[in-house]
Amino acid sequence: MRKRKFTEQFFLFLMRVSMFLVMLPLFLIILTILVKGIPSIDLAMITQTPKGGFYLGKEGGVLNAIAGSFYLSASATILAVCISLPVVLCLNIYMKRGSNKAWLIRLCMDVMSGVPSIVFGAFGFLVMLFFGMKVSLLAGIITVTILIMPVTIRSMDEMVRTVPEQLLQATYSLGATRVEAAMVVVRRVLPGLITATLLSFGRAIGDAASVIFTTGFTDNIPQSVSQPAATLPLAIFFQLSSPIPEVRDRAYAAALILTFIILLISYSARYISNKFTNAS
Amino acid sequence: MVHNYPHISIKELNVTSANLRILKNVSIDIPDRSITAIIGPSGCGKTTLLKSMNRLVELTDGIHVAGKVLVNGENIYDPHIEVTRLRKKMGLLSQRPYPLPMSIYANVSFGMRIHGQHKRRILDAKVRRYLALASLWDEVKDRLHEPASSLSIGQQQRLCLARGLAIEPDIILADEPTSALDPMSSKAIEEIFLELKKKYTIVLVTHILRQARRLADYVIFMYAGEIVEHGPADEVLNNPKQELTKEYVKGQIS
């Protein structure tokens, strides 16, 4: 009897320690960027582009990177969703449940989402050269679209798979075509699809390795897709490699901005999915 | 309507999945404008038989169908048959209600809209007529534009019936339509069926013998993918000829 009680206590302890070890890094990361970032953050950081001598610690901000990151991630997310949604509907509505082809496509998407982002970066770089393009926002958008597509497809797929088979059958039994059935399905899982979209956006905005050779870096806000663009992860990277302490501190301020954006997005994703799950 | 052939006539239907024979040489004529109950133990192919009548069976992977199902004299497995037009002839009621993710009104009008009816006045009138036919109108007339999911499960099942009736079919296919419902809602559905059989051909799959006794005019008893016995309800349920049917209606096998 005592042995059972001891085992119980031991595993409870183990779980608590593991829980603590998981929470600790998150807490420390947020603490670090807050402590090191807040002193260097000011209005100029988010409203100005780098002025002359910014990388030597003089005035300016990272608006170039904020704008670049938004242009890049928003375009890539829109593109990825436009391609993913038909794929997901094809997997779930045109292919029968338990079909081998659908299984193979899902496997490929899982493999693809495991490919390191630097590999996508290298691939995007080659494609860019092949088409004779220069480092540009467009090249970055294409690369990031390919990078996030497997994530978008699989998360949307998981959402659509929760739709009961019988709802589809009910729709078909009214004489609906597959496209009409697909519309019913989309309507049913719309909040889930929005959540998946926001999560993809979060993945897109946080990635540095895929954009380093394709989007490049610039101090200006891009005026067209053929110009290079700055991104927040790279802004952090370049400032952090500086020997000047003020510039390094600003890297943490940029990290704070990026983390804030990502937290905001994941929280909205959660809020939307909770709100609509309760409503319907 | 004057037909010289029955609405549904099944000839040598075989349904196989991988190496499993789900339906074996099923041949049957379903009588018009009456309730036909398909009874039999679980897994005997009742639902498969029902779903082969509107080709929902082919949505499952690896299913192979051979034989003929004639609906109004046309073989529905003929390659040139338009499946959407075929399914429009039959309303389906499944075990649990699956309302479409839209309002009560939109649920009932969905079928009419996809088949090309967009005139508001006609939709309004028909939504009202079919909700009334499913005895739901009085309960929902003031909340037609609320989501269908806000209804109780019994109301949802009647909504699904109204939705099926609104495509103006000749036939109603019902797959254990009361199995998820409370006794009052079940009773409501049964009463509607008794009313509807005057105009519609109803095929009802049920595992409840007493329900078959209450509703059926004609009974098909299935066992292991085959039709063991079929005939007028009174004969099959009270005076079966086959040994298996006797055991089943006495409750010795279930």
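See above for the structure.
A quick note: this is a predicted structure, and the numbers were derived from the prediction, not measured.

Quick word on the overall build of chain B
Thought 1: Helix and strand counts for chain B come out as ten helices and ten strands.
Thought 2: Computed over C-alpha atoms, the radius of gyration of chain B comes to 18 Å, within 12% of the 18 Å expected from 2.2 N^0.38 for 254 residues, which places it in the range of a compact globule.
Thought 3: Put simply, chain B has 254 residues, and 44% of those count as buried.

Description of the sheet that holds strand S1 (residues 8-17) of chain B
Hydrogen bonds between backbone groups are what pair the strands of a sheet, and the pairing can be parallel or antiparallel.
Residue and element names in this part refer to chain B.
Thought 1: Across the sheet, which stays open at both edges, the four strands sit in the order S2-S1-S4-S5 with antiparallel pairing between neighbours. Of all strands in the sheet, those with a lone pairing partner are strand S2 (20-30) and strand S5 (74-75), marking the two edges.
Thought 2: Where strand S4 (residues 63-71) meets S5, two bridges bridge the pair, whose relative direction is antiparallel. Along S5, the bridge assignment pairs Val71 with Glu74.

Some remarks on the interface of chain A and chain B
Thought 1: Contact residues are listed per partner, giving 21 residues for chain A and 24 residues for chain B.
Thought 2: Elements that contribute at least two residues to the side of chain A that touches chain B include exactly helix H7 (165-173) and helix H8 (178-206) of chain A.
Thought 3: In the side of chain A that touches chain B, the residues fall into seven nonpolar, nine polar and five charged.

Overview of unusual backbone geometry
Residues and elements named next belong to chain B.
Thought 1: Unlike most non-glycine residues, Asn72 shows phi in positive territory, near 50°.
Thought 2: Looking at the secondary structure, you find Asn72 in the loop between S4 and S5.
Thought 3: Looking at Asn72, the number of C-beta atoms within 10 Å reads 16, which means it is partly exposed.
Thought 4: Although it is not a glycine, Glu176 sits at a positive phi angle of roughly 45°.
Thought 5: Mapped onto the fold, Glu176 is located in the loop between strand S7 (171-175) and helix H7 (183-196).

Concerning the environment of Leu100(B)
Thought 1: Tracing the backbone shows Leu100(B) in the loop between strand S6 (90-93) and helix H3 (104-114).
Thought 2: Taking the number of C-beta atoms within 10 Å as the measure of exposure, Leu100(B) has 24 and is therefore buried.
Thought 3: The spacing of Leu100(B) and Ala148(B) is 48 residues in sequence and 7.4 Å in space, taken between C-alpha atoms.
Thought 4: Residue contacts for Leu100(B): discarding those within four places in its chain leaves Thr171(A), Val184(A), Asn107(B), Phe110(B) and Ala148(B).

Structural notes on the pairing of strand S9 (residues 218-223) of chain B
Residue and element names in this part refer to chain B.
Thought 1: Buried residues dominate S9, accounting for five of its six residues.
Thought 2: Relative to S9, strand S3 (residues 35-39) is paired through four bridges, and the arrangement is parallel. In the sheet register, Ile39 faces S9, and the bridge partner there is Phe221.
Thought 3: Across six bridges, the pairing between S9 and strand S10 (residues 226-232) is antiparallel. Each residue of the ladder has a partner; that of Tyr223, found in S10, is Glu226.
Thought 4: Taking the residues between adjacent antiparallel strands as the criterion, S9 and S10 are bridged by two residues, where Ala224 takes a positive phi near 50°.

Reading guide: rules and limits
- Residues numbered from 1 in each chain as written.
- Chains lettered and ligands numbered in written order.
- Predicted model: local features only at pLDDT ≥ 70, side-chain atom pairs only at ≥ 80, totals over all residues.
- Helix = DSSP H or I, 4+ residues; strand = E, 2+ residues; numbered from the N terminus.
- Rg over C-alpha atoms; globule rule 2.2 N^0.38 Å.
- Buried ≥ 20, exposed ≤ 12 C-beta atoms within 10 Å, placed from the backbone.
- Pairing = 2+ DSSP bridges.
- Contact = placed C-beta atoms within 7 Å.
- Nonpolar A, V, L, I, M, F, W, Y, C, P; charged D, E, K, R; others polar.

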